[in-house]
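Residue-level structure breakdown
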Amino acid sequence: MRVIATMAALAMLGTACSSTEPATTIPSGDASANTAEIYAVALHELVVADNTFGGGGNPFSELLVLTTLDAAAGAGYIQEGSTDGIRPLSDDERKAIEDALSPLAGIRWIDDAAEWRTDDLMPVIERSAILGVGSITFDGDGALVPISMWCGGLCGTWFTYRVIQSDQGWIVAGIEGPIAVS
């Protein structure tokens, strides 16, 4: 019961802490061509700023990144048999993610997160995290990027970033919607 109350409080906090700054409008036709940069920016922000350890910085020695879109990203759960929107990450998306994350830790591409967790739900590699991204949704204010991070039975997070276009390229403007934390 305590876990449910904590998750509900965090979900409300996440909604309350969503960015209230106006997002930059994306010119039509430009957004979907930038998925590689958007995924890279979101995962970098997750690892260095929103990794659940507080204080910023990267606590991980290796990052295990899913090779396909993660159906549980953003929500923390999926319906059995759901494969909606699941596709492999493109070569451009994988390269952009590697470029963004490789200065932080070693990168390993994995196909199935379950194969990289022990029976007690820890990643099989000590001090590692399993990272995933979901399907990007574009709107007039930018992009919504569902993300997931699993670093143990009591170490995981799932939420959605608002990513906007700026003079410096794509940047994370904040978190929108519920947050799930384990």
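Residues numbered from 1 in each chain as written. Predicted model: local features only at pLDDT ≥ 70, side-chain atom pairs only at ≥ 80, totals over all residues. Heavy atoms only, no water.

Quick look at the overall build of the protein chain
Threshold: A run of H or I in DSSP counts as a helix once it spans at least four residues, and a run of E counts as a strand once it spans at least two, with each numbered from the N terminus. Here the term buried applies to any residue with accessible area under 20% of the maximum for its type, exposed to any over 50%, and partly exposed to those in between, with areas from a 1.4 Å probe on protein chains only. For this analysis, residues touch if any pair of their heavy atoms sits within 4.5 Å. Note on areas: Shrake-Rupley, 1.4 Å probe, and residue coverage restricted to the protein chains presented here.
Each helix and strand in the protein chain was counted, giving three helices and seven strands. Ordered by position from the N terminus, the helices and strands of the protein chain form the series α-α-β-α-β-β-β-β-β-β. Burial status across the protein chain gives 42% buried among its 182 residues. Sequence-distant contacts, at least 24 apart, represent 61% of the contacts inside the protein chain between residues at least 6 apart. Carbon and sulfur atoms make up 54% of the accessible area of the protein chain, which amounts to about 9,500 Å² in all.

A word on the nonpolar core
This is how the line gets drawn: As used here, the term nonpolar core means buried Ala, Val, Leu, Ile, Met, Phe, Trp, Tyr and Cys residues forming a set that is joined through side-chain atoms within 4.5 Å.
Counting 32 residues, the largest nonpolar core has L131 and Y161 as the members making the most contacts within it. Counting residues per element, the ones that place at least two in this core are helix 2 (35-48), strand 1 (62-66), helix 3 (91-101), strand 3 (128-133), strand 5 (142-152), strand 6 (155-166) and strand 7 (169-181). When residues no more than four places from it in sequence are discounted, the contact partners of Y161 are A42, E45, L46, D50, A143, L144, V145, I147, V172, G174 and I175.

A short note on the state of the cysteines
This is how it is decided: The criterion for a disulfide is a pair of cysteine sulfur atoms lying within 2.5 Å.
Taken as a whole and assessed by the stated rule, the structure comprises one disulfide. With a sulfur-sulfur separation of 1.7 Å, C151 is cross-linked through a disulfide to C155. Classification of the bridge connecting C151 and C155 rests on its S-S torsion, roughly -65 degrees, and on that basis the disulfide is left-handed. Look at C155 and you get buried, because its relative accessible area is 12%.

A look at the packing of aromatic side chains
Each aromatic ring pair is summarised here by two numbers: the centre-to-centre distance and the angle between the ring planes. So the rule is basically this: Ring geometry is summarised as follows: Phe, Tyr and Trp rings, the Trp one being its six-membered ring, pair when their centres sit within 6.5 Å, and such pairs are stacked at plane angles under 30 degrees, edge-to-face over 60 and tilted between the two. Only lysine NZ and arginine CZ atoms are considered, and such an atom sits over a ring when it is within 6 Å of the ring centre and within 35 degrees of the ring normal.
Counted by the stated rule, this structure contains three aromatic pairs. Centroid distance F53 to F60: 5.7 Å. Interplanar angle 75 degrees. Geometry classified as edge-to-face. Assessed through its relative accessible area of 49%, F53 is described here as partly exposed. For F60, a relative accessible area of 5% translates into the label buried. Against the face of W109 rests R94, its NZ or CZ located 4.4 Å from the ring centre.

Focus on the environment of I110
Tracing the sequence through the fold places I110 in strand 2 (residues 106-110). I110 sits in the buried class, given a relative accessible area of 1%. Spatially, the C-alpha atom of I110 lies 9.9 Å from that of L63, the residues being 47 residues apart in sequence.

Considering the pairing of strand 7
The test is simple: Two strands pair if DSSP finds at least two bridges between them.
Inspection of the sheet shows strand 6 paired to strand 7 by nine bridges, in the antiparallel sense. Looking at strand 7, one finds that Y161 is bridged to I175. Taken together, strand 6 and the strand that follows it, strand 7, pair antiparallel across an intervening segment of two residues.

Quick notes on the confidence of the model for the protein chain
We count it as follows: Along the chain, pLDDT gives the predictor's confidence residue by residue, from 0 to 100.
Averaged over every residue, the pLDDT of the protein chain is 82; the share at 70 or more is 77%. When mean pLDDT is taken per element in the protein chain, strand 2 scores highest with 98 and helix 1 (residues 2-16) scores lowest with 40. In this model, residues 1-29 is a region of pLDDT below 50 whose contacts with residues beyond four sequence positions or in other chains number 35 contacts.

Re helix 3
Worth spelling out the cut-off: In this description, one arc is meant: the one made by directions from the helix axis to the C-beta atoms.
Every buried residue of helix 3 is listed here: E93, A96, I97, A100 and L101. Buried residues in helix 3, looked at end-on, bunch into an arc of 120 degrees, giving them a common side. Opposite the packed face of helix 3, turned more than 90 degrees from it, sit the exposed residues D91, D92 and K95. Turning to helix 3, the residues buried within the fold contact helix 2, strand 1, strand 2 and strand 3.

Some points on the pattern of salt bridges
What counts is decided by this rule: One speaks of a salt bridge when a side-chain nitrogen belonging to Lys or Arg is within 4 Å of a carboxyl oxygen belonging to Asp or Glu.
Tallying each qualifying case throughout the model produces five salt bridges. Across the pair D99 and K95 runs a salt bridge, and its minimum N-O distance is 2.9 Å. Of the two residues, D99 and K95 both sit in helix 3, four residues apart, roughly one turn of that helix. The residue E176 makes a salt bridge to R162 at a minimum N-O spacing of 2.8 Å. Placement of E176 in strand 7 and of R162 in strand 6 is noted, with a sequence separation of 14 residues between them. Given a relative accessible area of 26%, E176 falls into the partly exposed group. Since its relative accessible area comes to 6%, R162 is described here as buried.

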